[in-house]
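Secondary and tertiary structure notes
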Amino acid sequence: MSATILLLSGPNLNLLGEREPDIYGTESLADHVATALAEAGRHGLGLEAFQSNYEGELIEAIHAARGNHDAIIINAGAFSHTSWAIHDALAAFEGKVVELHLSNPAAREPFRHTSVIAPVADGAIVGFGGLGYALAVDAAARLLTSSKH
Ligand code: DQA
């Protein structure tokens, strides 16, 4: 069976395309999911996508990924800066974790400079806009390939 990735999107990302397009671009989340699916397909990987504005639903999706997905790509939106509960859920996930942001939080307001997810991620793709979705899938695919050896 081929490996699979869970692409998780947090609060307000359902508004991508309409929300602050100068910062987040004009593509919708569905566009980004399509990009990620195509990239996963190129690597022979499956990909499932889930978005929620609720912290608890994101945590439950991470729990459900245990034993079912090999990697999680997560753009947790503003929860990236606040949610130790998502941090703990990711710490309990045995697969690879790639943190993703469209913008570069380090170049924005100070409250965005800390990611509480970063300590439990293998790495982060930030600041590349929509291109980040393909880059994040590529990163996850490479991590999964290298961890087989
Ligand atoms: C974001 C950056 C976060 O600071 C912000 O709260 C978001 C989007 C990004 O993709 O750039 O909602 O995660």
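What comes next is a walk through the structure.

Turning our attention to the sheet that holds strand S5 (residues 123-126). Spatially, S2-S1-S3-S4-S5 is the arrangement adopted by the five strands of the open sheet, whose pairing is parallel. Where the open sheet ends on each side, the last strands, each with one partner, are strand S2 (46-51) and S5. With strand direction ignored, the average angle separating the axes of adjacent strands in the sheet is 20°. Pairing between strand S3 (residues 71-75) and strand S4 (residues 96-101): four bridges, direction parallel. By the bridge assignment for S4, Ala71 is matched with Lys96. Strands in contact with helix H3 (residues 55-65) are strand S1 (4-9), S2 and S3; relative to S1, the strand with the most contacts, it is inclined by about 175°. Of the strands in this sheet, S1, S2, S3, S4 and S5 touch helix H5 (residues 131-147), which is tilted by about 165° from S4.

Turning our eyes to something else, we now look at unusual backbone geometry. Notably, Asn12 is not glycine yet its phi reads approximately 75°, a positive angle. Tracing the backbone shows Asn12 in the loop between S1 and helix H1 (21-24). Even without a glycine there, the phi angle at Glu20 is positive, about 35°. Counting through the fold element by element, Glu20 comes out in the loop between S1 and H1.

Calculation criteria
Every chain is numbered independently, its residues counted from 1 as its sequence is written. Only residues with pLDDT of 70 or above have their local features reported here, since the model is predicted, and side-chain atom pairs are shown and tallied only from 80 upward, although totals for entire chains, interfaces and linings are computed over all residues. Only hydrogens and water are removed before side-chain values are computed, so all heavy atoms of the structure are retained for them. What makes two strands pair is DSSP finding at least two bridges between them. We count a stretch as a helix when DSSP gives it H or I for four or more residues in a row; a strand needs E for two or more, and each element gets its number in order from the N terminus. Axis definition: a line fitted to C-alpha atoms, over the contacting stretch in the case of helices. Angles run 0 to 180 degrees between N-to-C directions. Contacts are assigned to residue pairs with any non-hydrogen atoms lying within 4.5 Å of each other.

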